[in-house]
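# Structure assessment
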Amino acid sequence: MKKWLVRIGLGVFALLAIAIISFVIYAQFDNGPSAVLTENVDLSAIDRDEEGLIFQPESPNGKGIILYQGAKVKKEAYAYLGQSLSEKGFVVSIPQLPLNFGILGSRKADAVIEEYPEVEEWFLGGHSLGGVAASFYAEDSSSKLTGLYFLGAYPAGDFSASDLPMLSIYGELDGLSTVEDIEESRKLFPDDSVLVEIEGGNHAQFGLYGEQKGDDAAEITPIEQQDQVVEILTQWIKEN
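If you're wondering where the values come from, they're calculated on a predicted model, not measured in any experiment. Position labels on residues start from 1 in each chain and follow its written sequence. Only residues with pLDDT of at least 70 are given local features in this predicted model, and only at 80 or more are side-chain atom pairs given and counted; all residues enter the totals for whole chains, interfaces and linings. Here the side-chain values reflect all heavy atoms present in the structure, with hydrogen atoms and water set aside.

This brings us to unusual backbone geometry. Even without being glycine, Lys72 reaches a positive phi, approximately 65°. What counts as a helix is a DSSP run of H or I of at least four residues, what counts as a strand is a run of E of at least two, and both are numbered from the N terminus. Along the chain, the position of Lys72 falls in the loop between β3 (63-68) and α3 (79-86).

All right, on to the pairing of strand β7 (residues 166-171) then. Classification of residues uses two cut-offs on accessible area relative to the type maximum, computed with a 1.4 Å probe and protein chains only: under 20% is buried, over 50% is exposed, and between them is partly exposed. Counted residue by residue, β7 has 6 buried out of 6 residues, so it is predominantly covered. Along β7, one buried face is formed by Met166, Ser168 and Tyr170 and the opposite face, lined by Leu167, Ile169 and Gly171, is buried too. Pairing between two strands is assigned when DSSP locates at least 2 bridges connecting them. Inspection of the sheet shows strand β6 (residues 147-151) paired to β7 by 4 bridges, in the parallel sense. Its bridge partner being in β7, Leu148 is matched across the sheet by Met166. Two elements, β7 and strand β8 (residues 194-198), share 5 bridges in a ladder whose sense is parallel. The residue bridging Tyr170 from the neighbouring strand is Glu197, located in β8.

A patch is a set of surface residues, each over 30% in relative accessible area and not in a salt bridge, joined within 9 Å for like charges and within 5 Å for the nonpolar side chains Val, Leu, Ile, Met, Phe, Trp and Tyr. Per-residue and other accessible areas follow the Shrake-Rupley method at a 1.4 Å probe size, with only the shown protein chains counted as cover for residues. In what follows, salt bridge is the name for a side-chain nitrogen of Lys or Arg lying within 4 Å of a carboxyl oxygen of Asp or Glu. Positive charge is attributed to Lys and Arg, negative charge to Asp and Glu, and no charge count is given to His or to the chain ends. Charged groups are reduced to one reference atom each: NZ for lysine, CZ for arginine, CG for aspartic acid, CD for glutamic acid. Together, Glu172, Glu180, Glu183, Glu197, Glu199 and Glu219 make up a negatively charged patch on the protein surface. Along the chain, the position of Glu183 falls in helix α6 (residues 179-185).

Should their charged atoms come close, side chains of opposite charge can pair. The full count for this structure, using the stated rule, is 8 salt bridges. Its salt-bridge partner being Arg48, residue Glu76 comes within 3.3 Å of it at the nearest N-O pair. Of this pair, Glu76 sits in the loop between β3 and α3 while Arg48 sits in strand β1 (residues 47-48), placing them 28 residues apart in sequence. Take Arg48: its relative accessible area is 47%, and that puts it in the partly exposed class. For the salt bridge of Lys63 with Glu121, the shortest nitrogen-to-oxygen distance reads 3.8 Å. Here the residue Lys63 occupies a position in strand β3, and Glu121 occupies one in strand β5 (residues 121-127), the gap between them amounting to 58 residues. In the salt-bridge network here, residues are joined through shared partners; they are Arg48, Lys75 and Glu76.

Looking now at the pairing of β3. Within β3, 6 of the 6 residues are buried, which leaves the element mostly enclosed by the surrounding structure. Of the strand pairs in this sheet, β3 and strand β4 (residues 91-95) are connected by 3 bridges, and their pairing is parallel. Looking at the pairing, Gly64 lines up with Val91 of β4. In the classification by handedness, the crossover that spans β3, the intervening α3 and the parallel β4 is right-handed. For a crossover, the right-handed case is the one in which the path from the first strand over the helix to the second runs clockwise, viewed with the strands pointing away from the viewer.

Turning our attention to the nonpolar core. Core analysis: the largest hydrophobic core is formed by 35 residues, its most contacted members being Ile65, Tyr78, Tyr149, Leu151, Ile169 and Leu233. Among the elements of the structure, β2 (52-55), β3, α3, β4, β6, β7 and α7 (222-238) are those that each provide at least two residues to this core. Per-element tally for this core: the top contributor is α7, with 7 residues. We call two residues contacting when some pair of their heavy atoms lies within 4.5 Å. Among all residues touching Leu233, those that are not within four sequence positions of it are Ile65, Leu85, Tyr149, Leu167 and Ile169. The term nonpolar core refers to a set of buried residues drawn from Ala, Val, Leu, Ile, Met, Phe, Trp, Tyr and Cys, joined through side-chain atoms within 4.5 Å.

Our next topic: the environment of Ser177. Within the secondary structure layout, Ser177 lies in the loop between β7 and α6. Judged by relative accessible area, Ser177 falls into the buried class, the value being 9%. Along the sequence, Ser177 and His203 sit 26 residues apart, while their C-alpha atoms lie 7.1 Å from each other. Here the side chain of Ser177 touches Gly152 through a polar contact of 2.8 Å, landing on its backbone oxygen. In protein, a polar contact means a hydrogen-donor-capable atom and an acceptor-capable atom, both N or O and within 3.5 Å, with residues adjacent in sequence counting only if both atoms are side-chain atoms; elsewhere, any N or O pair within 3.5 Å suffices.

Turning our eyes to something else, we now look at a nonpolar patch on the surface. A contiguous nonpolar surface patch, about 300 Å² in accessible area, is contributed by Leu99, Ile103, Leu104 and Phe136. Following the sequence through the fold, Leu104 ends up in the loop between β4 and α4 (108-115).

Our focus in this paragraph is the environment of Lys74. If you trace the backbone, Lys74 turns up in the loop between β3 and α3. When the C-alpha atoms of Lys74 and Leu97 are compared, they prove to be 9.1 Å apart, with 23 residues separating the residues in sequence.

In structure tokens form, the structure reads like this:
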């Protein structure tokens, strides 16, 4: 009997080990920066800190933005957003998340906030699964945040009773976080939340890493979509 229990235990352990190894291997195949990004951003000139990419403004406005990447998307794919937002006066951090999965590093914002004490207000958000990870953090640490935002994403939990300002930016042609999904998630947001649809935008163009399986074709260029994100996010932050 003991031999059978040992064999079963070894079998379960082997299956678990295979699953973990398979996940790690799968996670190594990431979506990197697209040609559109490299044409618009000098990646070699981007500053890096202990957490990941950091964009320091020439004229700081005392506010910071933390952006969690989408699942399996390299942080550099959001460098255009980071650079553009820093030109508006924000300190912008795009942290390196474990295996490029936001849900494995939802607490990463703590280290960023600690590293830049001169920033008076922090706005945390993310793209796709990165937005879900940001909502995990906000559930326990909303006192450290001034606002929570989502790019083609929505919260994992119910924030309807929260007083934390929240913003959702979504694409009309998003094939992954569809308009229907966003509308269904509206009940998870506080009543005074701001939801903005980008006409002609899709899911992948919230980052600059090329096309994504399951997404619909956009009717605007990636840079046009990113520029709209910058303007919407900037205006929302000014109002909060």
